[in-house]
Amino acid sequence: MYVASPPPSEAAGLINAGKKRGLVVVVGVCEVSYSGRAAASLGPGRRLVIIKRDGTLLVHEAEKAQPRIWNPPGSSTAAYVEEGRLVVKSVRQRPFEIVRVVFYAVDFVAAFEVSSTDLVLVGTEKDLVEALVRNPSFIEEGLEIVGVEVPVEAGHVDILARDKEGRYVVIEVKRDLATHEAVFQLARYVESYKRKGHAARGVLVAGDISASAYEYLKRFGLQFVKVNPRELTVATYKSTTEK
């Protein structure tokens, strides 16, 4: 179901009926406000609004993967006309949050029958750790693995190794984007070994790293190694089966 440039009343009816089918997509010039645990707003601009059957509402702009404003599954969404304009309102009860989208113009509304299936994930974080243990040279030449999930005061070290100079190398592994939280975690682990009188350094291994995390990494004197989780796990699987 697809309608181009519908009047507000028709657009509201299409949204309310279509959201039960699976997925509703609305593109138009709108302004957006969020209130709840904080407050946020977006001035007038052309945006993509997605409404899912489970109550999820996402407001996207031209850049970045994450929506600018959203409400999670379990929210209630309704479309109606107010002062001649289409309004889409999403309400989450716990915690109480409201997203309100007011459209000045609607380019189109489309509703789709979209299915939900279980995700088959290839290369989990555990798989990545196991692949690195089998092939520590992906991190650094000459590393000798000491242990996996090694307990320390602040938690568990994903991989503990020694380098060519005999220093402990504390390795924190993240499958996807590493944030500043991963850097802080790694710094605590390294400090835990230093307090015991060991020579130690830290390496963060991940698919990518955020800009802020990289700045903290340099500040703490830690290292970053970028890996492709899928390629690494597939390469490890092939090397194992070929032996």
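Residues numbered from 1 in each chain as written. Predicted model: local features only at pLDDT ≥ 70, side-chain atom pairs only at ≥ 80, totals over all residues. Heavy atoms only, no water.

### Here's the deal with the overall build of the chain
No. 1: Looking only at helices and strands, the chain features five helices and 13 strands.
No. 2: Here the C-alpha radius of gyration of the chain, 24 Å, is well above what a compact globule of 243 residues would show, namely 18 Å.
No. 3: Seen through its principal axes, the chain has C-alpha atoms that stretch 75 × 45 × 30 Å.
No. 4: Each of the 243 residues in the chain was classed as buried or not, and the buried ones make up 42%.
No. 5: Pairs at least 24 residues apart make up 53% of the contacts formed inside the chain by residues separated by at least 6 positions.
No. 6: Carbon and sulfur atoms make up 51% of the accessible area of the chain, which amounts to about 13,600 Å² in all.
No. 7: Of the side-chain charges in the chain, 33 are positive and 30 negative, and the distance between the mean point of each set is 3 Å. (Helix = DSSP H or I, 4+ residues; strand = E, 2+ residues; numbered from the N terminus. Rg over C-alpha atoms; globule rule 2.2 N^0.38 Å. Buried < 20%, exposed > 50% of the residue type's maximum accessible area, 1.4 Å probe, protein only. Contact = heavy atoms within 4.5 Å. Areas by Shrake-Rupley, 256 points an atom, 1.4 Å probe, with all protein chains shown as cover. Lys, Arg positive; Asp, Glu negative; His and termini not counted. Charge placed at Lys NZ, Arg CZ, Asp CG, Glu CD.)

### Considering the sheet that holds strand E13 (residues 223–226)
No. 1: Overall, mixed pairing links the five strands, which are arranged E9-E10-E11-E12-E13 in an open sheet. For this open sheet the edge positions go to strand E9 (144–152) and E13, each flanked by a neighbour on one side alone. Neighbour-to-neighbour, the strand axes of the sheet open up by a mean angle of 30 degrees, direction not taken into account.
No. 2: Sitting on the sheet, helix H2 (residues 125–134) touches E9, strand E10 (155–162), strand E11 (168–178) and strand E12 (200–209), and the angle it makes with E11 is about 140 degrees.
No. 3: On top of the sheet, helix H3 (residues 180–195) reaches E9, E10, E11 and E12; it is set at about 170 degrees to E11, its chief contact. (Pairing = 2+ DSSP bridges. Axes fitted to C-alpha atoms, helices over the stretch in contact; angles between N-to-C directions.)

### Some points on the environment of Gly36
No. 1: By the element assignment, Gly36 lies in the loop between strand E2 (22–35) and strand E3 (39–52).
No. 2: The spacing of Gly36 and Val91 is 55 residues in sequence and 9.8 Å in space, taken between C-alpha atoms.
No. 3: Look past the residues within four positions of Gly36 in its chain and what remains in contact with it is Phe96 and Glu97.

### Considering the packing of H3 against helix H4 (residues 211–220)
No. 1: Running from amino to carboxyl end, H3 crosses H4 at an angle of 20 degrees, the nearest separation of the two axes being 8 Å. Comparing their axes, H4 and H3 come out roughly parallel. Crossing hand, H3 versus H4: right-handed. Of H4, the residues touching H3 (which contributes His180, Val183, Phe184 and Ala187) are Ser212, Ala213, Tyr216, Leu217 and Phe220. (Parallel < 35°, antiparallel > 145°, perpendicular 65-115°, else oblique. Left-handed = near helix turned anticlockwise from the far one by under 90°.)

### Topic: the nonpolar core
No. 1: By size, the foremost hydrophobic cluster in this structure holds 25 residues, and its most contacted members are Ile15, Leu86, Val88, Val101 and Phe103.
No. 2: Those elements that provide at least two residues to this core are helix H1 (8–18), E2, E3, strand E4 (57–60), strand E7 (85–92) and strand E8 (97–113).
No. 3: The element best represented in this core is E8, accounting for six residues.
No. 4: In this structure Leu86 touches Pro8, Ala11, Ala12, Ile15, Ala79, Tyr80, Val101, Val102, Phe103 and Val106, once residues within four positions along its chain are discounted.
No. 5: One finds Val150, Tyr189, Tyr193 and Leu222 within the second-largest nonpolar core, a separate group that totals 21 residues. (Core = buried A, V, L, I, M, F, W, Y, C linked by side-chain atoms within 4.5 Å.)

### Remarks on the environment of Val29
No. 1: Summarising the element assignment, Val29 is placed in strand E2.
No. 2: Setting aside anything within four residues of it in sequence, one finds Val29 in contact with Gly45, Arg46, Val102, Phe103, Tyr104 and Ala105.

### Brief notes about H2
No. 1: Along H2, the positions that sit buried rather than exposed are Leu128, Val129, Ala131 and Leu132. Down the axis of H2, the sector holding all buried residues measures 165 degrees, keeping them to one side. In H2, the exposed positions angled more than 90 degrees off the buried face are occupied by Lys126 and Arg134. (Arc of directions from axis to C-beta.)

### Some words on the confidence of the model for the chain
No. 1: Looking at the chain as a whole, the pLDDT averages 90, with 92% of positions reaching at least 70.
No. 2: Within the model, the stretch residues 237–243 combines pLDDT values under 50 with one contact to residues more than four positions away or in other chains. (pLDDT = per-residue confidence, 0-100.)

### Concerning H1
No. 1: The set of residues buried in H1 consists of Ala11, Ala12, Leu14, Ile15 and Gly18. Angular distribution of buried residues about the axis of H1 spans 165 degrees; they occupy a single face of the element.
No. 2: Buried residues in H1 make contact with strand E1 (2–4), E2, E3, strand E6 (76–82), E7 and E8.

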